[in-house]
Amino acid sequence: MALSGGERIGLLIASGTAPEDIAEIARSSERMGFHELWLPEDYFFIGGVAGAAIALGATERIPVGIGVVASTVRHPAVTAMEIATLARAFPNRIMPGIGHGIPAWIGQMGLTPRSPMAALRESLTSIRALLGGQSVSVEGKAFTFRDVSLAHSAESHVPLYTGVLGDKGIALTGELADGLLVSALSPVEYVASARVKLDSAAAAAGREKRLGVSVLLLANLTDDDSKVPALRQEMRELLAFYIAATGPCALFGAIGANDQIGDMLSRGGAEVVAAEMPESWIDAFALVGSPADCRARMTQYFAAGADSVVVSPVPAGSAGRTLSVLEQMLH
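Computed from a predicted structure; not experimentally measured.

**Some details on the overall build of the protein chain**
Okay, so step 1: When helices and strands are counted, the protein chain shows 14 helices and 11 strands.
Okay, so step 2: Taken against the 2.2 N^0.38 rule, which gives 20 Å for 331 residues, the C-alpha radius of gyration of the protein chain at 20 Å falls within 12% of a compact globule.
Okay, so step 3: By principal-axis analysis of the C-alpha atoms, the protein chain measures approximately 60 × 45 × 40 Å.
Okay, so step 4: Taken over 331 residues, the protein chain has a buried fraction of 50%.
Okay, so step 5: Looking at the protein chain alone, contacts between residues at least 24 apart form 73% of all its contacts between residues at least 6 apart.

**Some points on the nonpolar core**
Okay, so step 1: Counting residues in each nonpolar core, the largest one holds 98 residues, and the members touching the most others are Phe-34, Leu-37, Leu-239, Ile-243, Phe-252, Met-298 and Leu-326.
Okay, so step 2: For this core, the element with the most residues is helix α5 (residues 116–131), which contributes seven residues.

**Here we look at the packing of aromatic side chains**
Okay, so step 1: Under the definition given, this model contains six aromatic pairs.
Okay, so step 2: Taken together, the ring pairs connect Tyr-43, Phe-44 and Trp-105 into an aromatic cluster.

**Quick word on the pairing of strand β3 (residues 64–70)**
Okay, so step 1: Of all seven residues making up β3, seven are buried, and the element is well covered by its neighbours.
Okay, so step 2: Sheet analysis places strand β2 (residues 36–39) next to β3, joined by three bridges and oriented parallel. Considered in β3, the bridge of Leu-37 is made with Val-64.
Okay, so step 3: One crossover worth recording links β2 to the parallel β3 by way of helix α2 (residues 48–58), and it is right-handed.
Okay, so step 4: In the sheet, β3 pairs with strand β4 (residues 94–99) via five bridges, with the strands oriented parallel. Pairing of Gly-65 across the sheet is with Met-95, part of β4.

**Structural notes on the UniProt feature "domain: Luciferase-like" (unreviewed entry) in the protein chain**
Okay, so step 1: Following the UniProt record, the feature "domain: Luciferase-like" (unreviewed entry) maps to residues 15–307 here.
Okay, so step 2: Note that residues 15–307 is 49% helix and 16% strand, and that its end C-alpha atoms are spaced 23 Å apart.

**Considering the packing of helix α13 (residues 291–304) against helix α14 (residues 319–330)**
Okay, so step 1: Here α13 crosses α14 at 65 degrees, and the two axes come no closer than 10 Å. The chirality of how α13 crosses α14 is right-handed. For the pair α13 and α14, contact is made by Pro-291, Cys-294, Arg-295 and Met-298 and by Val-325, Leu-326 and Met-329, respectively.
Okay, so step 2: Split into classes, the residues belonging to the contact of α13 with α14 amount to six nonpolar, no polar and one charged.

**Looking at α2**
Residues that lie three or four places apart on an α-helix share one face, since the helix turns once every 3.6 residues.
Okay, so step 1: When α2 is considered as a whole, its buried residues turn out to be Gly-48, Val-49, Gly-51, Ala-52, Ala-55, Leu-56 and Ala-58.
Okay, so step 2: Considering only its buried residues, α2 is in contact with α1 (22–32), β2, β3, α3 (76–89) and β4.

**Regarding the pairing of strand β5 (residues 136–139)**
Okay, so step 1: Judged from the three bridges that link them, β5 and strand β6 (residues 144–148) form a sheet pairing that is antiparallel. Note on β6: the bridge partner recorded for Val-138 is Phe-145.
Okay, so step 2: Remark: four residues form the turn of the hairpin made by β5 and β6, two consecutive strands paired antiparallel.

Parameters at a glance
Residues numbered from 1 in each chain as written. Predicted model: local features only at pLDDT ≥ 70, side-chain atom pairs only at ≥ 80, totals over all residues. Heavy atoms only, no water. Helix = DSSP H or I, 4+ residues; strand = E, 2+ residues; numbered from the N terminus. Rg over C-alpha atoms; globule rule 2.2 N^0.38 Å. Buried < 20%, exposed > 50% of the residue type's maximum accessible area, 1.4 Å probe, protein only. Contact = heavy atoms within 4.5 Å. Core = buried A, V, L, I, M, F, W, Y, C linked by side-chain atoms within 4.5 Å. Phe/Tyr/Trp six-rings, centres within 6.5 Å; stacked < 30°, edge-to-face > 60°. Pairing = 2+ DSSP bridges. Right-handed = clockwise from strand over helix to strand, strands pointing away. UniProt positions renumbered as here; feature names shortened; annotations may be inferred. Axes fitted to C-alpha atoms, helices over the stretch in contact; angles between N-to-C directions. Left-handed = near helix turned anticlockwise from the far one by under 90°. Nonpolar A, V, L, I, M, F, W, Y, C, P; charged D, E, K, R; others polar.

This is how it looks when you write it as structure tokens:
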């Protein structure tokens, strides 16, 4: 697949990956030619910061992202300390992401903020200041800092990403962050809209540089066309689970699917979604099929404004087949 200078293909290590397997997967991803590697922080699976440290230590060149830590799970001063430690040990290779977190998980820990946007804003501004060597003293709505500074601040600029969906979060990203990590199940239409909103917000904040957009994409690929129908059925069932768990949201609204999803969920759960979802949703929310299908779909995401497409192979048992297809495309 011919990529322009700014287009990248990345790999997401699944949250269910055993910690002891992270190093070898990271080494393999670098050897295969992926342009970036992302570690999730899905509570309560593998730790994003610890996982990124393992991946960075096992590789030599590939940038590693954390996608994403919830703003309230660690005090921003601690998050900044962790990021700075990785940035000093592995210069210009860490891409931390910060977001609101999945409400159910945050609620389990009793960490639901009164204002998620205030918590995210205070996290981004304080982390940036601390990474830059500043001392922070703030009594905020979500966090308190009393003469906090880092003994080992970052020696170079660390790109901060956000993991947000709504317009307010995208606007905040354009104002304060360096990039947006777009959730899996995002149709091309959502990415195109987010790109426009992000650029507009950055311009309104007086920022001239182009902010990055990385898109997470569930993928199930094969070089055997006869297997494509079975792969599509597998993805249908996986998507049904995720759609039922998520419910109507901005991602699905981008293709006008929210009313239909709401109706399905009013009559049942994932089984109803799997039985009734249009075939077109499989292509809208995921990447399934042959190398040609993969090339065509990635081209659409890049044209919509993505700078990188970060592939998450699913289901776990077929990851090797999907990676084999991607490796051929990368070389």
